[in-house]
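Descriptive structure summary
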Amino acid sequence: MRVGEIPQSLSILGLGYVGCVSAACFASRGHRVVGVDVDPTKTRFLREGRAPIVEERIERITAAAVASGLLTATQDAHQAISTTDVTMVCVGTPSRSGGGLSTVFLERVTEGIGRALADMDSWHVVAYRSTMTPGTCQDLLIPTLERLSGKKAGRDFGVCVNPEFLREGTSVRDFFHPPKTVVGATDERTEDQVLDLFADIGGPRFRVGIGIAEMIKYVDNSFHALKVGFGNEIGAICAALGLDSHQVMDVFLADTKLNISGAYLRPGFAFGGSCLPKDVRALTHTARLRDVDVPILSNVLISNETHMRRALDMIIEPGRRRIGILGLAFKSGTDDLRESPMVELAERLIGKGFDVLIYDPRVVTSRLTGANAEYIKDKLPHIGDLLTDDAEAILAHSEVLVAGARDAATIDVLRRATPGTTVVDLVRLPDAPARRSAGDYVGIGW
């Protein structure tokens, strides 16, 4: 079948919430769909035009799709796969007792797909919608498909991870109005073919690596869980203080510049500054005074400390003693040193006996006349002695350069660094993707 030609035919393996909704909705868009499940009750329901799940609008869509002849059901996966263009895998991936992912159902259906592919001469796409941890598709599922089919993924057949973003109760609505469509595939032909299935469905579309497509569902759901927990802890504190938590959160949610936005969500170094550490401490202290247990809020600073240690370990790991720190203020473009994580990092390196020199022209200037003069004199006199605004001096000194700022001065120093100098990037430098291929570069979260 030519990519971009509509309609395509699909076999959907697994008729739980995701599979049942996907089958009915794709059929309603004009695709021929064969639903497959080992449970005879589910396939019988579907053949009778009844949805095997309870969900808004699903009964009507299922009945119409079956009546049109576009949606059928069977227990014969091999036959369904062999007579369709795309196989979508929607089987469950439950937790094991230790919390890990159980791949037993994924492996079982993948083995069946591999055997079916062995008997096929035409191009076929295997699209995984099941939630799976990164590496599962590349390391487990694709090798299984190749071994049992005797064919090569990306050449003889396509494989992709196409995560779903369907919420129970609104899954039909979410199918037709998704927050995004994500495809991570072995090849461009597969990307095009799967994205074509969602033609005219809104929302941003992302072509990504397979591992990223696997990861995004976990990031989404973990953040959703974090938001629920955060909201509940704020509610508990507000209740103890006699405040209307919903009014508090109405004001909080109105801020779409900093609160409900992409602000502060890019991986990087630990937070610091004059507000965040102080206010988290104050709020958790207020909760303790009123016997309110807030484990999420109480562990925010612990998490920050863990990230600080992670950066320290990265700097120490190369085994080089002369360290150059680029940027000391808690935020690029300022000279504010109050609770700067870069100051704390420098303190720990000095305490461990490393030979540290610090380059931050803004702070050197403010040391002489600005608000930081007394702070450096009283709190950080030893660090003050290690400050320089001489780029040549930091370059001559450093075996390891630690990027703690993204300003032009820092980027210029890094551009002129001697080959072989280790660069530890805490800020995601503009050329981080290019640097990542070099052996002397390491980023803290990328």
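This is a predicted model, so every value here is computed, not measured. (Residues numbered from 1 in each chain as written. Predicted model: local features only at pLDDT ≥ 70, side-chain atom pairs only at ≥ 80, totals over all residues. Heavy atoms only, no water.)

Structural notes on the overall build of the chain
From N to C terminus, the chain includes 20 helices and 14 strands. Taking the principal axes of its C-alpha atoms as reference, the chain extends roughly 80 × 60 × 40 Å. By residue count, 45% of the 446 residues in the chain fall in the buried class. Once local pairs closer than 6 in sequence are excluded, the contacts in the chain between residues at least 24 apart make up 69%. Looking at the chain as shown, the accessible area adds up to about 21600 Å², and 54% of this sits on carbon and sulfur atoms. Of note, the chain has its 50 positive side-chain charges centred 2 Å away from the centre of its 56 negative side-chain charges. (Helix = DSSP H or I, 4+ residues; strand = E, 2+ residues; numbered from the N terminus. Buried < 20%, exposed > 50% of the residue type's maximum accessible area, 1.4 Å probe, protein only. Contact = heavy atoms within 4.5 Å. Areas by Shrake-Rupley, 256 points an atom, 1.4 Å probe, with all protein chains shown as cover. Lys, Arg positive; Asp, Glu negative; His and termini not counted. Charge placed at Lys NZ, Arg CZ, Asp CG, Glu CD.)

Quick notes on the UniProt feature "binding site: substrate" (unreviewed entry) in the chain
Those residues carrying the UniProt feature "binding site: substrate" (unreviewed entry) are F165, L166, R167, E168, K217, Y264, L265, R266, P267, G268, G272 and K331 in this numbering. Locating R266 in the fold gives a position in the loop between α10 (245–254) and α11 (276–289). Given a relative accessible area of 77%, R266 falls into the exposed group. (UniProt positions renumbered as here; feature names shortened; annotations may be inferred.)

Looking at the packing of helix α1 (residues 17–28) against helix α3 (residues 58–68)
Contact geometry for α1 and α3: axes closest at 9 Å, N-to-C directions at 55°. In terms of axis orientation, α1 runs oblique to α3. Our pair here, α1 against α3, has a crossing hand that is left-handed. Contacts between α1 and α3 involve C20, V21, A24, C25, A27 and S28 on the former and, on the latter, I58, I61, T62 and A65. Here the residues of the contact of α1 with α3 sort into eight nonpolar, two polar and no charged. (Axes fitted to C-alpha atoms, helices over the stretch in contact; angles between N-to-C directions. Parallel < 35°, antiparallel > 145°, perpendicular 65-115°, else oblique. Left-handed = near helix turned anticlockwise from the far one by under 90°. Nonpolar A, V, L, I, M, F, W, Y, C, P; charged D, E, K, R; others polar.)

Regarding the pattern of salt bridges
By the definition in use, this model includes 19 salt bridges. A salt bridge links K152 to E146, with the nearest nitrogen and oxygen atoms 3.7 Å apart. On the basis of relative accessible area, K152 is assigned to the partly exposed category, the value being 42%. E392 is the partner of R416 in a salt bridge, and the nearest nitrogen-oxygen pair spans 2.4 Å. (Salt bridge = Lys/Arg side-chain N within 4 Å of Asp/Glu carboxyl O.)

Details of the side chain of T422
With respect to the helices, strands and loops of the structure, T422 is situated in strand β13 (residues 422–425). A residue is classified by how much of its surface remains accessible, and T422, at 8% relative accessible area, is buried. Those residues in contact with T422 that lie beyond four places of it in its chain are P318, R320, E399, V400, L401 and D440.

A word on the sheet that holds strand β7 (residues 181–185)
Strands pair in a sheet through their backbones, by hydrogen bonds, and they do so in one of two ways: parallel or antiparallel. Taken in spatial order, the eight strands make up an open sheet running β3-β2-β1-β4-β5-β6-β7-β8, and their pairing is mixed. Of all the strands in the sheet, just β3 (71–74) and β8 (205–208) have a single pairing partner and so form its edges. With direction set aside, neighbouring strand axes in the sheet form an average angle of 25°. (Pairing = 2+ DSSP bridges.)

Observations regarding the nonpolar core
In a soluble, globular protein the nonpolar side chains are often hidden away together inside. Membership of the largest hydrophobic core comes to 44 residues, with the highest contact counts inside it found for L345 and V402. For this core, the secondary structure elements donating two or more residues are α13 (300–316), β9 (322–326), α14 (341–351), β10 (355–359), α18 (391–397), β12 (400–403), α19 (408–415) and β13. For L345, the contacting residues outside a window of four places in its chain are F269, M308, A311, L312, I315, V402 and L426. Core analysis: the next-biggest nonpolar cluster, separate from the first, contains 38 residues, V21, I58, F175 and I201 among them. (Core = buried A, V, L, I, M, F, W, Y, C linked by side-chain atoms within 4.5 Å.)

Details of the environment of P94
By the secondary structure assignment, P94 is in the loop between β4 (86–89) and α5 (104–118). On the accessibility criterion, P94 (35% relative accessible area) is partly exposed.

With respect to the packing of aromatic side chains
In this description, a pair of aromatic rings is defined by centroid distance and the angle of the planes. Applying the stated criterion across every chain, the model contains five aromatic pairs. Between the aromatic rings of F26 and F198, the centroid separation amounts to 5.5 Å while the plane-to-plane angle is 70°, which identifies the pairing as edge-to-face. Here the residue F26 occupies a position in helix α1, and F198 occupies one in the loop between α8 (188–197) and β8, the gap between them amounting to 172 residues. Overall, F26 belongs to the buried group, its relative accessible area being 0%. Consider the rings of F175 and F176, whose centres lie 5.1 Å apart with planes at 80°: the pair is edge-to-face. Aromatic ring contacts, followed pair by pair, group F26, F175, F176 and F198 into a single cluster. Between K180 and the ring centre of F165, over which it is positioned, the NZ or CZ distance is 4.4 Å. It is R321 that lies over the ring of F354; its NZ or CZ is 3.9 Å from the centre. (Phe/Tyr/Trp six-rings, centres within 6.5 Å; stacked < 30°, edge-to-face > 60°. Lys NZ or Arg CZ within 6 Å of the ring centre and 35° of its normal.)

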